[in-house]
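For reference, the chains in residue letters:
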Amino acid sequence: MKKRTFSAVILMAILVGSILIGYQTFGLVMLICSIMGYHELMNIKYEEKGKSIDVIRLIGVISLILLVLNDTFFQLDDDLLLIVPMLGMTIPIVFYNDHKRYNINDAFFVMGVVFFLGFAFHNIIYMAKADVYKCVFTFLIAFVTDTYAYIGGCLVGRHQLTSISPKKTIEGSVIGTIMGCLIGSVYYNLAIGGLGMVQIVLVCFFLTILSEIGDLVFSSIKRYFDNKDYSNLIPGHGGILDRFDSVLFVSLGIRIIMVIL
């Protein structure tokens, strides 16, 4: 618990500090996180199978840089951002000419990872640039929901939520949702505003549910590849994706809300 708390404090300090310095610095931090997350997903699929696809990994990193930092350090056509990964992941199938080493399923897996992480982390940077308070709101909802779901599960958890993540409980999930809604609503009302209280609560409720679903989606990926954590980078948490799984889903949810409202 102490390691988990200490790691969370350090991570928050880095995130808040980079946001205060400026969105470009924050963008670089998000780029580093996206590349780490990319390598974590690539490692759990390929490292133990002994597949050496370094060229594909490099193309993925280049694609991520283009996707994540677009509109922050440069401006590229959206079509180009789609075409580069699509061609970069599929053309090598011909040159590898070894379906056991790299095939169409691998190409679509890597492409999906690049597009998901690239767009999600780009979206977080976009919010930091457009409205820093909404960016903070993204992390607040995800971290509060996750933290209180964990604490609630440890204290009063009795009933398993899902077999995807055996340690998660219904009680913890409910407590996480309640606290996420409460703290998120207070923050939104004071720092952002523009919506009625009922709307704010509904927005926070939607995002807390999305936060927990994001956690479970990434947990299911780990279970599918028979891994407990994505890595041991962050003591008490695991890897970057163990910490950012909920954040990515919440950021995408907020983008939907921004478009609708």
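Definitions and cut-offs
- Residues numbered from 1 in each chain as written.
- Predicted model: local features only at pLDDT ≥ 70, side-chain atom pairs only at ≥ 80, totals over all residues.
- Heavy atoms only, no water.
- Helix = DSSP H or I, 4+ residues; strand = E, 2+ residues; numbered from the N terminus.
- Contact = heavy atoms within 4.5 Å.
- Disulfide = S-S within 2.5 Å.
- Buried < 20%, exposed > 50% of the residue type's maximum accessible area, 1.4 Å probe, protein only.
- Core = buried A, V, L, I, M, F, W, Y, C linked by side-chain atoms within 4.5 Å.
- Axes fitted to C-alpha atoms, helices over the stretch in contact; angles between N-to-C directions.
- Parallel < 35°, antiparallel > 145°, perpendicular 65-115°, else oblique.
- Left-handed = near helix turned anticlockwise from the far one by under 90°.
- Nonpolar A, V, L, I, M, F, W, Y, C, P; charged D, E, K, R; others polar.
- Phe/Tyr/Trp six-rings, centres within 6.5 Å; stacked < 30°, edge-to-face > 60°.

Note that Cys 135 resides in helix α7 (residues 132-156). When the C-alpha atoms of Cys 135 and Ser 251 are compared, they prove to be 8.0 Å apart, with 116 residues separating the residues in sequence. With residues near it in sequence (within four places) discarded, Cys 135 still touches Ile 19, Phe 26, Ile 124, Met 127 and Ala 128.

Once that is clear, we can look at the state of the cysteines. In the structure shown here, the tally under the stated rule is zero disulfides. Take Cys 135: it sits in no disulfide, and the sulfur closest to it among the cysteines is that of Cys 33, at 12 Å. No disulfide involves Cys 181; its nearest neighbouring cysteine sulfur is the one of Cys 204, lying 6.0 Å away. On the basis of relative accessibility, which here comes to 12%, the residue Cys 181 falls in the buried class.

Met 30, Phe 139 and Phe 244 are the most contacted members of the largest nonpolar core, which has 66 residues in total. For this core, the element with the highest residue contribution is helix α6 (residues 104-130), accounting for 12 residues. If near-sequence neighbours (up to four positions away) are discounted, Phe 139 is found in contact with Leu 15, Phe 26, Met 30, Ile 124, Phe 244 and Val 247.

Further remarks concern the packing of α6 against helix α10 (residues 240-260). With their axes 9 Å apart at the nearest point, α6 and α10 run at an angle of 65 degrees to one another. With respect to each other, α6 and α10 are oriented roughly perpendicular. Crossing handedness for the pair α6 and α10: left-handed. From α6, Phe 116, Leu 117, Phe 119, Ala 120, Phe 121, Asn 123, Ile 124, Tyr 126 and Met 127 reach across to α10, where they touch Leu 241, Phe 244, Val 247, Leu 248, Phe 249, Ser 251, Leu 252, Ile 254, Arg 255 and Met 258. Grouping the constituent residues of the contact of α6 with α10 by class yields 16 nonpolar, two polar and one charged.

This part takes up the packing of aromatic side chains. What the rule picks out here adds up to 14 aromatic pairs. Between Phe 116 and Phe 218, the ring centres sit 6.0 Å apart and the planes meet at 55 degrees, which makes this aromatic pair tilted. One end of the pair, Phe 116, is in helix α6; the other, Phe 218, is in helix α9 (residues 197-224), and 102 residues separate them in sequence. Residue Phe 116 is classed as partly exposed on the basis of its relative accessible area of 29%.

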